[in-house]
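One-letter residues, chain by chain:
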Amino acid sequence: MAFQLPPLPWAEDALEPVYSARTVSFHYGKHHQAYVDNLNKLVDGTDLEGKSLEAVIGAVAGDPAKTAVFNNAAQVWNHTFFWNGMKPGGGGAPVGDVADKIAAAFGDYPAFVEQFKAAAVGRFGSGWAWLVVEGGALKIVSTANAEMPVPPKQTALLTVDVWEHAYYLDYQNRRPDWVQAFFDKLVNWEFAAKNLVAAK
Ligand code: MN3
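Residue indices begin from 1 for each chain and proceed along its sequence in written order. In keeping with the model being predicted, local features are shown solely for residues with a pLDDT of at least 70 and side-chain atom pairs are shown and tallied solely at 80 or more, while totals for entire chains, interfaces and linings include all residues. Processing note: side-chain calculations cover all non-hydrogen atoms of the structure and skip hydrogens and water entirely.

## As for the coordination of the manganese ion
Each protein donor to the manganese ion is listed here as His27 (NE2), His79 (NE2), Asp161 (OD) and His165 (NE2); together their distances run 1.9 to 2.2 Å. Here the donor residues of the manganese ion share one chain and are spaced in sequence as H-x51-H-x81-D-x3-H. In this pair, His79 is assigned in helix H3 (residues 67-84) and Asp161 in strand E3 (residues 155-161), connecting sequence segments 82 residues apart. Neither residue differs from the other here; His79 and Asp161 are each classed as buried. For Na, K and Ca the donor cut-off is 3.2 Å, and for all other metals it is 2.8 Å, counting N, O and S atoms only; because water is absent from this set, sites may look incomplete. Helical segments are the DSSP runs of H or I of at least four residues, strand segments are the runs of E of at least two, and each set is numbered from the N terminus. Summary of the burial criterion: residues with accessible area below 20% of their type's maximum are buried, those above 50% are exposed, and those between are partly exposed, where the area comes from a 1.4 Å probe applied to protein chains only.

Dropping the structure here:
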């Protein structure tokens, strides 16, 4: 069974005007689809065929001979995770356990957003910024290209795509504005809360 592009959790135009239908159409329909298609070509006829996405990632991570498989598999996973971390009418500060852990780790919500933006902007070139839980505490990390936080050491709660294809049509070169808009108007904290519970 080949890998499939998972459906978006909302309509392509549902995040307008913060994240345009045009961006989603290219980002999901072209970029995410291409990672799925490339991954299927790469695993076809190999011992990785038929394994779950997570199993493929685990099998090839850190293997220099399998970089292409890792990059495409991780990008399939990262994008699905990214879509689920946004929702129409999202944004603003979380409540509950996530809020308590953000306060403990970063002070308050605006301070958290500033630190997250700094990590996102500090990522030279393409990559991702993540909110992760490590040893019970929240932490902001950034990764290059397709790299992702690796469980069990770190479990991802949320991610923001900071490849230029993620924001250039809507925000041009203004990566900080894209990250700010994500937290003000798109972030789905229920998704992060669910991931936090699952990490325990
Ligand atoms: Mn992307």
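## Things to note about the environment of Met86
Mapped onto the elements of the fold, Met86 is located in the loop between H3 and helix H4 (96-106). Assessed through its relative accessible area of 1%, Met86 is described here as buried. Between the alpha carbons of Met86 and Asn188 there is a distance of 4.8 Å; along the sequence they are 102 residues apart. Contact definition: two residues touch when any of their heavy atoms are within 4.5 Å. Every residue in contact with Met86, bar those within four places of it in the chain, is listed here: Trp10, Leu15, Tyr19, Trp178, Phe182, Leu186 and Asn188.

## Here's the deal with the pattern of salt bridges
Side chains that carry opposite charge are capable of pairing whenever their charged atoms lie near each other. Take a side-chain nitrogen of Lys or Arg and a carboxyl oxygen of Asp or Glu: if they are within 4 Å of each other, that pair is a salt bridge. As enumerated under the stated definition, the model contains 5 salt bridges in all. Residue Lys87 is joined to Glu190 by a salt bridge in which the shortest nitrogen-to-oxygen separation is 2.9 Å. With Lys87 in the loop between H3 and H4 and Glu190 in helix H8 (residues 189-199), this pair connects stretches of sequence that are 103 residues apart. Using a relative accessible area of 26% as the deciding quantity, one classes Lys87 as partly exposed. Arg174 serves as the salt-bridge partner of Asp177, at 2.8 Å between the closest nitrogen and oxygen. Connected through shared salt-bridge partners, Glu134, Lys139 and Lys153 make up one network.

## Concerning the sheet that holds E3
Taking strand neighbours across the sheet as the criterion, the 3 strands line up as E2-E1-E3 in an open arrangement whose pairing is antiparallel. The open sheet is flanked by strand E2 (137-144) and E3, the only strands paired with a single partner. Recorded for the sheet is a direction-independent mean angle of 25° between the axes of neighbouring strands. Sheet topology note: the strand E1 (residues 127-134)/E3 ladder contains 6 bridges and is antiparallel. Residue pairing for E3: Trp130 is matched across the bridge by Thr159. Following DSSP output, two strands are said to pair if at least two bridges run between them. Axes here mean lines fitted to C-alpha atoms, for a helix over just the part in contact, with angles spanning 0 to 180 degrees between N-to-C directions.

## Let's talk about the packing of helix H1 (residues 21-43) against H3
The N-to-C vectors of H1 and H3 enclose an angle of 145°; their axes lie 9 Å apart at closest approach. Note on packing geometry: the crossing formed by H1 with H3 is left-handed. Contacts between H1 and H3 involve His27, Tyr28, His32, Ala34, Tyr35, Val36, Asn38, Leu39, Leu42 and Val43 from the first element and Ala68, Val69, Asn72, Ala73, Gln75, Val76, His79, Thr80, Phe82 and Trp83 from the second. Any residue outside Ala, Val, Leu, Ile, Met, Phe, Trp, Tyr, Cys, Pro, Asp, Glu, Lys and Arg is labelled polar, Gly included; the first ten of those are nonpolar and the last four are charged. Looking at the contact of H1 with H3 residue by residue, the class counts come to 13 nonpolar, 7 polar and no charged. Should the near helix be turned anticlockwise from the far one by less than a right angle, the crossing is termed left-handed; should it be turned clockwise, right-handed.

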